[in-house]
Amino acid sequence: MAKVELRDIRKTYHAEEIIKGVSLDINDEEFVVFVGPSGCGKSTLLRMIAGLEEISAGDLLIDGKRVNDIEPAKRGLAMVFQSYALYPHMNVYQNMEFGLKLAGMPEPERRQKINDVAKTLQLDSYLKHKPGQLSGGQRQRVAIGRAIVRNPKVFLFDEPLSNLDAALRGQMRVELATLHRRLKATTIYVTHDQVEAMTMADKIVVLQKGVVEQVGSPLELYHHPRNLFVARFIGSPPMNFLPVTVRSVTENGIVVALDHGAPVTVPVLPGETASAEAMTLGIRPEHIVLDPQGEITGTIRMVERLGALTLLHVALPDGALIIVQTDGDHGGEVDAPVGLRLLAENCHLFDARGMALTKLVRHRLAG
Amino acid sequence: MARKTQLLPKIALGVVGWAVALWIFFPIFWMVLTGFKTEMDAISTPPHLIFHPTLQSYHDVFAQENYWHFTFNTVLMSVFATGGALLLGVPAAYSMAFFPGKRTRGTLLWMLSTRMLPPVGVLVPVYLIARSTHLLDTIIGLGIINLLTNLPIIVWMLYTFFKEVPVPILEAGRMDGANRWQEISVVLLPLALPGIASTALLSLILCWNEAFWSLNLTSSNAAPLASFIASFSSPEGLFFAKLSAASTLAVAPILVFGWFSQKQLVRGLTFGAVK
Ligand SMILES: Nc1ncnc2c1ncn2[C@@H]1O[C@H](COP(=O)(O)OP(=O)(O)OP(=O)(O)O)[C@@H](O)[C@H]1O
Ligand SMILES: [Mg+2]
C-alpha cells in the first residue's frame, strides 16, 4: 500500500537544528517505532511526516512521490495524538464522521463505515456520547477509530497509550498489534515505552539529539547494538558497563582484563584493536550468572524482588555498581559477597569512540 | 479552632465584597430612584428616601424625544460594530494565537496602547475624515469608529480565549482535511464559543455606553442613546428627575440583555468543558 521514504530530512527552529539529517526507508505494511530520550525529536519527525510541521530541508516521499508541500489530509495519513485530541463538541459518531464528510463521502457509505469500525473497537454503544462522557481507554479507542475510518495509507501514532494506566496499556498494545496485523497499513509509532517498542515493532529507529543512532529489528538492537547509546537505551534494566583493557587478540575474539577479576574472551572481530587499548565491556543484567568461581566478585548492596525475577545491585571492588538479574527465589541478602560469571558470548565491546565491535556470530533471531 | 480561624477571613472577605458591590451599584440605584421623583424631590437636600413616586418624568421624556428612534440607532450601531469587530478580530486572534511570530507580543501590546490615547486627541482628524467621507451623523460612521476603538480589546480577549483551546484538536482537524476556514468555523469557534459570546457582550456594552464619539459625530439622524440622555441635560432649570428617567431608559435594555446572556454564558462555560 504505502512506502515512506525520508531523504536527509532536517528541521530548524530559530537557527537551531533539531532534526539533523534523517534518512529512513519505511516499507509497505511495516510497523516502525521511533524511540529516544525526551526532546530527541521523535514528535517533530512524526509531525513533519504528518505535514503539521514544515520540513526545513530534505525530501519526504510517500509511494515514491515527493509530498513536502502537500497538505496533511492529501498525504493519505491519519494520526492519533497523545492527548487524543477528540472534538469535544461532537459525539463519538460525529468525531469519526468529520474527516469522511470533508472528504465528500456519501452519507450511507459513511454510516456503514463508522458502524463497522465502531463494532470492531467496541464503541457501538457509545456513538451518541460526547468525549467528555468517556473513560480514557474509550477516548483512545475513538481516536483510533477516527483514524481507521479514513482508510489511511499510513498510520501515525504519537505516544498514544502514555495516558492510560498500566493494565489498559497492556490491553491496548495487544489490540493495536492485532489491528495492525488485520489492516496491514504502514505504521509509524512514537513511544517512550520499551515494552511497546520491543513487542510491536518490525523495525525500531533509535534517535538521539535529532540523529538516527541505529535502525533495526527489536532483537537486532538488543543483541547487536551499534554503539554505547543504543546499548544503554534498549533493554530494561539497562546494560552494565565496565572499563576493561585489551590483553590479547585471538581468533576466538578479544581477551580483555577487568580492573578486578579474571580475563574474559569476548567473541568479536578485532578490527584494528591493539593490545593494552582501553575499552568498555557491556553486559546485560540477564547475562550475568551467580557463580562462586566467576570472573568477578562483589558485595550485594540492594535486592529488588519483582516476584518472577530478582535484581541484585552489586558493588564491585572499585565501587562501581552493576545490576544482576537472577531468579525470583534467590535468597540474596544485602552485604553478602557474591561471585559473578559473565556469559562471554553475550558480552559487548565498545571502543574509545563508543562504537561496538562486530560480533563473530550473529544472534539467530536478530535477522 | 481551625475552622474558626478560617471562617473569620471568609466573613471579612464577604463583607468587603458586598461593600464594593453596593458602592458600585449605588449610583444606578440612585438614578432609578430619582427618575421616579418630582423635580423638587430630586434636588432636595438632604435627599428624601421616602417620597411619592411619580411617572411624570417618564411622561415628559417620552413627550419630548423619540426614545425608539435613539434605541433603534444604538442597537443597529452596536450590532454592526460588534459584528464587524468579530469578523476582523477572529482571524487576527487566530493567527496570533496559533501562528505567533517574533513580533506577535509586540503587536498585541501596541494595539492595546492605542487605547491609552485620549479620544479627544484625535477628535479633529477623525471629524474631518468623517466629514469628507460623508459619514458624519450616519450609523455606519459611528459604527466604524466604535468598531475600531474596540478592536484592540476584542482581539486581546479572543486571543486569550483561543490560547486555551488545545492545539492538537485543531491539528486533528487539519489531519481530517479541514481547510483553514473549516478549521476556524467548525472546530475552533464552537470550542471557543463561550469566550466569543462574552467578548461580543462586552463589545455591545462598550458600544451602547459610548458617549464621546456619539455626541461629536452625530446630530439627529444617527444619534444613539447617549445623545438621548444628553438632550435632557440643560444649563438651567430643573432637569435631574427627567435626566435620571432618560438614563434609566437608556441603560435598561443593555442591562436586561446583559443579565440574561450572563446566565447563558455561565451555562455555556460549564457545558463546553474541554478535557
Ligand atoms: N515549536 C518549537 N519551537 C522551538 N523548539 C521546538 C519546537 N517544537 C519542538 N522544539 C524542540 O525540538 C526538540 C525536539 O522536540 P520533540 O517534541 O520532537 O521531542 P520528543 O522526542 O518528541 O520528546 P518527548 O519524548 O518529550 O515527547 C526539543 O528540544 C524541543 O525543545
Ligand atoms: Mg514527543
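Residues numbered from 1 in each chain as written. Chains lettered and ligands numbered in written order. Predicted model: local features only at pLDDT ≥ 70, side-chain atom pairs only at ≥ 80, totals over all residues. Heavy atoms only, no water.

### Some points on the UniProt feature "domain: ABC transporter" (unreviewed entry) in chain A
Per the UniProt record, "domain: ABC transporter" (unreviewed entry) is found at residues 4–234 of chain A. Span residues 4–234 of chain A is 36% helix and 26% strand, its end C-alpha atoms 25 Å apart. (UniProt positions renumbered as here; feature names shortened; annotations may be inferred. Helix = DSSP H or I, 4+ residues; strand = E, 2+ residues; numbered from the N terminus.)

### Some remarks on the nonpolar core
General note: in soluble globular proteins, nonpolar side chains tend to be found buried as a group. Ranked by size, the top nonpolar core spans 76 residues in total, and within it Leu6, Phe34, Leu45 and Leu156 of chain A together with Phe162 of chain B carry the most contacts. Residues contacting Phe34 of chain A, with those up to four places away along its chain left out, are Leu24, Lys42, Leu45, Ile49, Ile188, Tyr189, Val190, Thr191, Val205 and Leu207 of chain A. Formed by 43 residues, the second largest nonpolar core is a distinct cluster that contains Ala147, Ile148, Leu176 and Ile234 of chain A. (Core = buried A, V, L, I, M, F, W, Y, C linked by side-chain atoms within 4.5 Å. Buried < 20%, exposed > 50% of the residue type's maximum accessible area, 1.4 Å probe, protein only. Contact = heavy atoms within 4.5 Å.)

### Overview of the interface of chain A and chain B
Interfaces are often sized by the accessible area lost when the parts come together. At the interface, 24 residues of chain A touch 17 residues of chain B. Between chain A and chain B, a total of about 1700 Å² is buried, with carbon and sulfur atoms accounting for 67% of that surface. Our count for the contact surface shared by chain A and chain B stands at 2 salt bridges. Between Arg150 of chain A and Asp176 of chain B there is a salt bridge; the shortest N-O distance is 3.6 Å. Summed over the shared surface of chain A and chain B, the result is 6 residue pairs in polar contact (both at pLDDT 80 or more). For the side of chain A that touches chain B, the secondary-structure elements that each account for two or more residues are α1 (42–50), β6 (77–80), α2 (92–102) and α4 (136–148) of chain A. Among the elements that line the side of chain A that touches chain B, the one with the most residues is α2 of chain A, at 4 residues. Residues that form the side of chain A that touches chain B fall into these classes: 15 nonpolar, 5 polar and 4 charged. (Buried area = accessible area lost by both parts, 1.4 Å probe. Salt bridge = Lys/Arg side-chain N within 4 Å of Asp/Glu carboxyl O. Polar contact = N/O pair within 3.5 Å; in protein donor to acceptor, adjacent residues only side chain to side chain. Nonpolar A, V, L, I, M, F, W, Y, C, P; charged D, E, K, R; others polar.)

### Some points on the site of ligand 1
Residue and element names in this part refer to chain A. Taken together, Tyr13, Ile18, Ser38, Gly39, Cys40, Gly41, Lys42, Ser43, Thr44, Glu159 and His192 are the residues near ligand 1. Note that an oxygen atom of ligand 1 is positioned 2.4 Å from one of the side-chain N or O atoms of Thr44. When the free accessible area of ligand 1 is taken as 640 Å², the share hidden by the protein chains comes to 61%. (Near = heavy atom within 4 Å. Areas by Shrake-Rupley, 256 points an atom, 1.4 Å probe, with all protein chains shown as cover.)

### Brief notes about the sheet that holds strand β17 (residues 309–315) of chain A
Residues and elements named next belong to chain A. Ordered by their spatial adjacency, 5 strands build an open sheet running β15-β19-β16-β17-β18, and the pairing between neighbours is antiparallel. Whereas interior strands pair on both sides, the edge strands pair on one side only; in this sheet they are β15 (288–290) and β18 (321–327). Averaged over neighbouring strand pairs, the angle between their axes works out to 50° when direction is ignored. Sheet topology note: the strand β16 (residues 296–305)/β17 ladder contains 6 bridges and is antiparallel. Paired with Thr299 across the bridge in β17 is Ala315. (Pairing = 2+ DSSP bridges. Axes fitted to C-alpha atoms, helices over the stretch in contact; angles between N-to-C directions.)

### Quick notes on the confidence of the model for chain A
Looking at chain A, the pLDDT average stands at 93 and 100% of residues meet or exceed 70. Looking at the elements of chain A, mean pLDDT is at its lowest for helix α5 (residues 166–183) of chain A, recorded as 90, and at its highest for strand β3 (residues 31–35) of chain A, recorded as 97. (pLDDT = per-residue confidence, 0-100.)

### Structural notes on the domain arrangement of chain A
All names here are of chain A. On domain assignment, one finds that chain A holds domain 1 (4–232) and domain 2 (233–350). A C-alpha centroid distance of 38 Å is found between domain 1 and domain 2. At the junction of the two partners, domain 1 supplies 16 residues and domain 2 supplies 13 residues. Buried surface at the junction of domain 1 and domain 2, summed over both partners, amounts to about 1300 Å²; 64% is from carbon and sulfur atoms. (Domains from an automatic or database assignment.)

### Thoughts on the sheet that holds strand β5 (residues 65–66) of chain A
Strand pairing within a sheet occurs via backbone hydrogen bonds; the two strands may be parallel or antiparallel. Residue and element names in this part refer to chain A. Pairing within the open sheet is antiparallel, and its 4 strands lie in the order β2-β1-β4-β5. On the outer flanks of this sheet lie β2 (16–26) and β5, each paired with one strand and no other. Pairing of strand β4 (residues 57–62) with β5, which is carried by 2 bridges, proceeds in the antiparallel orientation. Residue pairing across strands places Leu61 opposite Arg66, the latter belonging to β5. Across the sheet, α1 lies against β1 (4–13), β2 and β4, angled at about 115° from β1, the strand it touches most.

### Topic: the UniProt feature "domain: ABC transmembrane type-1" (unreviewed entry) in chain B
According to UniProt, the feature "domain: ABC transmembrane type-1" (unreviewed entry) maps to residues 71–261 of chain B in the numbering used here. A helix fraction of 76% and a strand fraction of 0% characterise residues 71–261 of chain B, whose end C-alpha atoms lie 19 Å from each other.

### Thoughts on the UniProt feature "transmembrane region" (unreviewed entry) in chain B
Residues and elements named next belong to chain B. Taking the UniProt record as the reference, the feature "transmembrane region" (unreviewed entry) is found at residues 12–33, 75–96, 108–128, 140–162, 183–206 and 239–260. Overall, residues 140–162 shows 100% helix and 0% strand. The separation of its end C-alpha atoms is 29 Å. The span residues 183–206 is 96% helical and 0% strand by assignment, and the distance between its end C-alpha atoms comes to 30 Å.

### Details of the environment of Val4 of chain A
Residues and elements named next belong to chain A. Looking at where Val4 falls in the secondary structure, it is placed in strand β1. Considered as a pair, Val4 and Ile49 are 45 residues apart in the sequence and their alpha carbons are 8.8 Å apart. Beyond its immediate stretch of four places on either side in the chain, Val4 contacts Leu24, Asp25, Ile26, Leu60, Leu61 and Val154.

### Considerations on the packing of helix α4 (residues 67–98) of chain B against helix α10 (residues 193–209) of chain B
Residue and element names in this part refer to chain B. Two elements in contact, α4 and α10, have axes whose closest approach is 9 Å; the angle formed by their N-to-C orientations is 140°. With respect to α10, the element α4 is oriented oblique. Here α4 runs over α10; the crossing is right-handed. The residues of α10 that touch α4, namely those facing Thr74, Val75, Met77, Ser78, Val79, Ala81, Thr82 and Leu86, are Ile196, Ala200, Ser203, Leu204, Cys207 and Trp208. Looking at the contact of α4 with α10 residue by residue, the class counts come to 10 nonpolar, 4 polar and no charged. (Parallel < 35°, antiparallel > 145°, perpendicular 65-115°, else oblique. Left-handed = near helix turned anticlockwise from the far one by under 90°.)

### A short note on the packing of aromatic side chains
Aromatic rings considered in pairs are described by the distance between their centres and by the relative angle of their planes. Under the definition given, this model contains 20 aromatic pairs over all chains. Taking the centre distance of 6.4 Å and the plane angle of 70° together, the rings of Trp156 of chain B and Tyr159 of chain B count as edge-to-face. Placement of the pair is Trp156 of chain B and Tyr159 of chain B together in helix α7 (residues 139–163), with a separation of 3 residues, close to one helical turn. An aromatic cluster of at least three residues, connected via ring pairs, comprises Phe62, Tyr67, Trp68, Phe70, Phe228 and Phe232 of chain B. The ring centre of Tyr93 of chain A lies 5.9 Å from the NZ or CZ of Lys128 of chain A, which sits over that ring. Cation over ring: Arg146 of chain A sits above Tyr87 of chain A, and NZ or CZ is 4.8 Å from the ring centre. (Phe/Tyr/Trp six-rings, centres within 6.5 Å; stacked < 30°, edge-to-face > 60°. Lys NZ or Arg CZ within 6 Å of the ring centre and 35° of its normal.)

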